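# Structure assessment
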Amino acid sequence: MENQKVRVRFAPSPTGPLHIGGVRTALYNYLFAKKHGGELILRIEDTDSQRFVPGAEEYIIESFNWLGITFDEGVHVGGPCAPYRQSERKDIYKKYVDQLLDAGLAYVAFDTPQELDAKRAEIANFQYDASTRGLMRNSLTLSADEVKTLIEAGNQYVVRIKIEPGQDVVVNDLIRGEVVINSSILDDKVLYKSADQLPTYHMANIVDDHLMEISHVIRGEEWLPSAPLHVLLYRFLGWEDTMPRFAHLPLLLKPDGNGKLSKRDGDRLGFPVFPLEWKDPKSGDISSGYREAGYLPDAVVNFLALLGWNSGTDQEIFSMQELIDLFSLERCSKSGAKFDFEKGKWFNHKYIQAKSNEEIAALFQPLLKENGVEAADDKVAQVVGLVKERVNFVQELWAQSSFFFEAPTTYDEKTVKKRWKEDTPAQLTELIEVLKGIEDFTPHNSEEVVKGWIAEKEYHLGNIMNAFRLAIVGESKGPHMFDIITIIGKEETIARLEKAIATI
Ligand code: GLU
């Protein structure tokens, strides 16, 4: 085990959009694999056809492409253990189910859903286990001939694991340490269903982890209750020596209060819980996604990396490579991580600042087009440079900068009342002449000339500058005035001043 190559997997069931907690699980698997020069596999666990949702697998793959989480093997990239979709591995599992049956470690059960319901009604807290299996219709209570006849007559059956009560089952978890469970609380879980000739999650998961030589199972805490059963399955199949190490990650908790983060918390508090927007194929309902909400993928990765893991220092901004270098399961916490989405916004803000103006401009261009603006890339980059510190999201850039691209059509009433004085039109008319005379229309030079004129005339600096801003921007916001007029140009500046004098 010690020298075994690191091979980990992310094994989602395609039952809907990938929850943000699942994204974190995949990310930790990715970081762990990269750190140890190992491999990451994407396996689709779709043996429960009842819960299959069309489009979910494509959604999962697209999410990881967007986030930059890459796989070495998997349903979308192939690999030596293909196929990586469990529904295409049907033929592989039956042999191991038979092995358990032959060894007496599993048995065949014929109980119909109605019979099971009847038992549940009859026995409080009914569980199919050592205390009840003798009351049921299965290969332990029926003769071998009866079983054979039933199967040959086409009766549907399931195969259940036979768990002996009263034994301690030890799960060695790399995050939680030794977790000991008494087998008496476990039930005889279904491993296989004749109806669709498919194993259940537990069986397929163990067989595939074994065949794919998985070294570590890193997954959410919600799977911890299944781990004792999985340990027993490895033992029953004779694979204990190559059993993967387990690491169960802490839950993601609601931002407010206790309990697991749910989609409803996101709806209630206004943040996405899915990486990409998802349209439910049945209801048509749309759930928001981080991508569509304007998050940068590396900001999402950084944010998620710190929900359950810490580097042990105060550093908060990490590149993917830094995360890979620093990641360890030992530094993952046992206790749940509060999903602080305000912090998510903070990360996005930081990532926008860290990116070049050109990169952000490229993301902003489509929004400009939507607003009917055609602008050169270098102008957009300049504008971005002036306003990006004011935004958390690329979408917010338009509200902060539209006046760079189009003249105001209205003037904010409050500002007009406060800033537009009796002598303003005359002063701005003079300002137009001053601006006309400036040859070198750069921020520094225009500022010097304009301020020189104001000083000479002993005008009130604040009054002039505020009215000037109102005429150019339409309200009292925006970056440094002389930066603005340099970008929009002398002609446009003068045109806007003339228009303001004529309209206000
Ligand atoms: N198919 C399970 C899921 O949907 C896999 C759990 C595991 O990683 O073992 O998450």
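Read on for an overview of the structure. (Residues numbered from 1 in each chain as written. Predicted model: local features only at pLDDT ≥ 70, side-chain atom pairs only at ≥ 80, totals over all residues. Heavy atoms only, no water.)

## Side note on the pattern of salt bridges
Counted by the stated rule, this structure contains 33 salt bridges. A salt bridge links Glu122 to Lys119; the shortest N-O distance between them is 3.5 Å. You can see Glu122 and its partner Lys119 sitting in helix 4 (residues 113-122), 3 residues apart, about one turn around the helix. Since its relative accessible area comes to 57%, Glu122 is described here as exposed. Salt bridges sharing common partners tie together Arg9, Arg43, Glu45, Arg89, Asp208 and Asp209. (Salt bridge = Lys/Arg side-chain N within 4 Å of Asp/Glu carboxyl O. Helix = DSSP H or I, 4+ residues; strand = E, 2+ residues; numbered from the N terminus. Buried < 20%, exposed > 50% of the residue type's maximum accessible area, 1.4 Å probe, protein only.)

## Digging into the environment of Lys499
The residue Lys499 is located in helix 20 (residues 490-503) in this model. For the pair formed by Lys499 and Ala407, sequence separation is 92 residues and the distance between their alpha carbons is 9.5 Å. Apart from the residues lying within four places of it in its own chain, the contact partners of Lys499 are Pro408, Thr409 and Tyr411. (Contact = heavy atoms within 4.5 Å.)

## A few points about the packing of helix 16 (residues 424-436) against helix 18 (residues 461-473)
Contact pair helix 16 / helix 18: the axes reach a minimum separation of 10 Å and the direction vectors enclose 80 degrees. Taken together, helix 16 and helix 18 sit at an angle that is classed as roughly perpendicular. Together, Thr424, Gln427, Leu428, Leu431 and Leu435 of helix 16 and Ile464, Ala467 and Phe468 of helix 18 make up the contact between the two elements. (Axes fitted to C-alpha atoms, helices over the stretch in contact; angles between N-to-C directions. Parallel < 35°, antiparallel > 145°, perpendicular 65-115°, else oblique.)

## What to know about unusual backbone geometry
A cis amide bond links Ala82 with the next residue in sequence, Pro83, at an omega value of 0 degrees. Along the chain, Pro83 turns up in the loop between strand 3 (73-74) and helix 3 (90-102). Positive phi, normally seen in glycine, also occurs at Asn125, with a value near 50 degrees. Tracing the sequence through the fold places Asn125 in the loop between helix 4 and helix 5 (144-152). Its relative accessible area of 77% is what places Asn125 among the exposed residues. A positive phi angle is found at Glu213, which is not glycine, with a value near 55 degrees. Tracing the backbone through its elements, the reader meets Glu213 in the loop between helix 6 (201-211) and strand 10 (216-220).

## So, helix 20
Across its 14 residues, helix 20 extends 20 Å between first and last C-alpha, which sits within 8% of the 20 Å expected from 1.5 Å per residue. All of the buried residues in helix 20 are Thr493, Ile494, Arg496, Leu497 and Ala500. Projected onto a plane normal to the axis of helix 20, the buried residues spread over an arc of 160 degrees and lie on a single side. Exposed residues lying more than 90 degrees from the buried face of helix 20 are Glu491, Ala502 and Thr503. Looking at the buried positions of helix 20, the neighbouring elements they touch are helix 14 (397-405), helix 16, helix 18 and helix 19 (481-488). (Expected span 1.5 Å × (residues − 1). Arc of directions from axis to C-beta.)

## Quick notes on the sheet that holds strand 8 (residues 190-193)
Strands pair in a sheet through their backbones, by hydrogen bonds, and they do so in one of two ways: parallel or antiparallel. If you walk across this open sheet you meet the 4 strands as 4-5-8-9, and the pairing is antiparallel. The sheet terminates laterally at strand 4 (106-109) and strand 9 (198-199), the two strands that pair on one side only. Sheet analysis places strand 8 next to strand 9, joined by 2 bridges and oriented antiparallel. When the bridges of strand 9 are listed, Tyr192 appears paired with Pro199. Where helix 3 meets the sheet, it contacts strand 4, strand 5 (158-161), strand 8 and strand 9, and its direction lies at approximately 105 degrees from that of strand 4. (Pairing = 2+ DSSP bridges.)

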